[in-house]
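# A structural walkthrough
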Amino acid sequence: MSTRRLLLVNGPNLNLLGTREPEVYGTATLADVEQLTAETAAALGYEVRAVQSNHEGVLIDAIHSVRGDCAGIVINPGGLTHTSVSLRDALTGVGMPFAEVHISDVYARESFRHFSYLEDVAAVRVVGKGIDGYAEAVRELIAQLGE
């Protein structure tokens, strides 16, 4: 793969990181997540494009727009994890591997959070490791790309 770029997608409410339920999500901000992801990728020779939106269609459009321009996707779909067939279809439709990341341990939370529409199609899945999970997801995804 000649494209050495990843798309970082953060879904609804992740713009509130740092202030939203710090006992669940910690005190790191979205900017911290984006910086950690970019630094991890850069150390492996990749650059990162980042998008966050509270709107499903914006996320789907962003995923569609990097087809042929990115080698893979790192995504924390937030609440869309449990509800969005359309997001799943966008991710599988662009034909590139993706890593699903969740800051909190979704299995230690409400039962509705235990189901993911992305789990069975994700190349990598990292759950419950705080924002460090993004770095792990980047490393694992790039390793799978064979670059």
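Residues numbered from 1 in each chain as written. Predicted model: local features only at pLDDT ≥ 70, side-chain atom pairs only at ≥ 80, totals over all residues. Heavy atoms only, no water.

## Notes on the overall build of the protein
Where we set the bar: Starting at the N terminus, helices and strands are each numbered in turn, a helix being any DSSP run of H or I of at least four residues and a strand any DSSP run of E of at least two. The atom set for the radius of gyration is the C-alpha atoms, and the globule formula is 2.2 Å times the number of residues raised to the power 0.38. Residue burial is assigned from relative accessible area. The probe radius is 1.4 Å, only protein chains are included, and a residue is buried under 20% of its type maximum, exposed over 50%, and partly exposed in between. In what follows, a contact means two residues having at least one pair of non-hydrogen atoms within 4.5 Å. The protein chains shown are the only cover counted for residues, whose accessible areas, like all others here, come from Shrake-Rupley with a 1.4 Å probe. The charge count treats Lys and Arg as positive and Asp and Glu as negative. His and the chain ends do not count. The location of each charge is read from NZ of Lys, CZ of Arg, CG of Asp or CD of Glu.
A count of helices and strands for the protein gives 5 helices and 5 strands. Going from N to C terminus, the protein has its helices and strands arranged as β-α-α-β-α-β-α-β-β-α. Relative to a compact globule of 147 residues, whose C-alpha radius of gyration would be 15 Å, the protein shows 14 Å and is just as compact. A total of 147 residues make up the protein; the buried ones form 48% of that total. Partitioning the intrachain contacts of the protein with sequence separation of at least 6 by distance along the chain shows that 75% fall at a separation of at least 24. For the protein, the accessible surface area stands at approximately 6,600 Å², while carbon and sulfur atoms represent 49% of it. Averaged over its 11 positive side-chain charges, the protein has a centre that lies 3 Å from the centre of its 19 negative ones.

## Details of the pairing of strand β3 (residues 72-76)
Which entries qualify depends on this criterion: Any two strands between which DSSP finds at least two bridges are classified as paired. Here a crossover is taken to be right-handed if, once the strands point away from the viewer, the path from the first strand over the helix to the second is traced clockwise.
Taken across its 5 residues, β3 has 5 buried, putting it largely inside the fold. Here β3 shows no split at all, with G72, V74 and N76 on one side and I73 and I75 on the other all buried. Sheet topology note: the β3/strand β4 (residues 98-102) ladder contains 3 bridges and is parallel. For I73, the partnering residue across the bridge sits in β4 and is F98. A crossover connection joins β3 to the parallel β4 through helix α4 (residues 85-93); in handedness this β-α-β unit is right-handed.

## Thoughts on the environment of R5
Its location among the elements puts R5 in strand β1 (residues 5-10). The exposure class assigned to R5 is buried, which follows from its relative accessible area of 18%. Distance from R5 to G45, taken between C-alpha atoms, is 8.7 Å for residues 40 residues apart in sequence. Those residues in contact with R5 that sit more than four places away from it in its chain are Y46, E47, R49, D69, C70, A71 and G72.

## As for the pattern of salt bridges
Going by this rule: Here a salt bridge means any side-chain nitrogen of Lys or Arg lying within 4 Å of a carboxyl oxygen belonging to Asp or Glu.
With the rule as written, the count across this model stands at 7 salt bridges. Of the charged contacts in the structure, one is a salt bridge between D69 and R5, with a shortest N-O distance of 2.8 Å. Placement of the pair is D69 in the loop between α3 (56-65) and β3 and R5 in strand β1, with a sequence separation of 64 residues. Comparing D69 with R5, the two get one shared label, buried. One salt bridge connects R49 with D69, and the closest N-O pair in it is separated by 2.3 Å. With a gap of 20 residues between them, R49 in strand β2 (residues 47-52) and D69 in the loop between α3 and β3 connect regions that are remote in the sequence. Because the salt bridges share partners, they merge into one network encompassing R5, E47, R49 and D69.

## Quick word on helix α2 (residues 30-43)
For the record, the criterion: The span expected for a helix works out to 1.5 Å for each residue beyond the first.
For α2, with 14 residues, the first-to-last C-alpha span of 20 Å sits near the 20 Å given by 1.5 Å per residue. Buried positions along α2 lie against β1, β2 and α5 (132-145). G45, located one to two residues past α2, shows a positive phi value of around 85°.

## Things to note about the sheet that holds β3
Formally: For helices, the fitted line uses only the C-alpha atoms of the stretch in contact; every axis is such a line through C-alpha atoms, and the angle between N-to-C directions lies from 0 to 180 degrees.
Taken in spatial order, the 5 strands of this open sheet run β2-β1-β3-β4-β5, and their pairing is parallel. In the strand order of this sheet, the two ends are held by β2 and β5 (124-127), each with one partner. For this sheet the average axis-to-axis angle between neighbouring strands, irrespective of direction, equals 15°. α2 contacts β1 and β2 of the sheet and is inclined by roughly 160° relative to β1.

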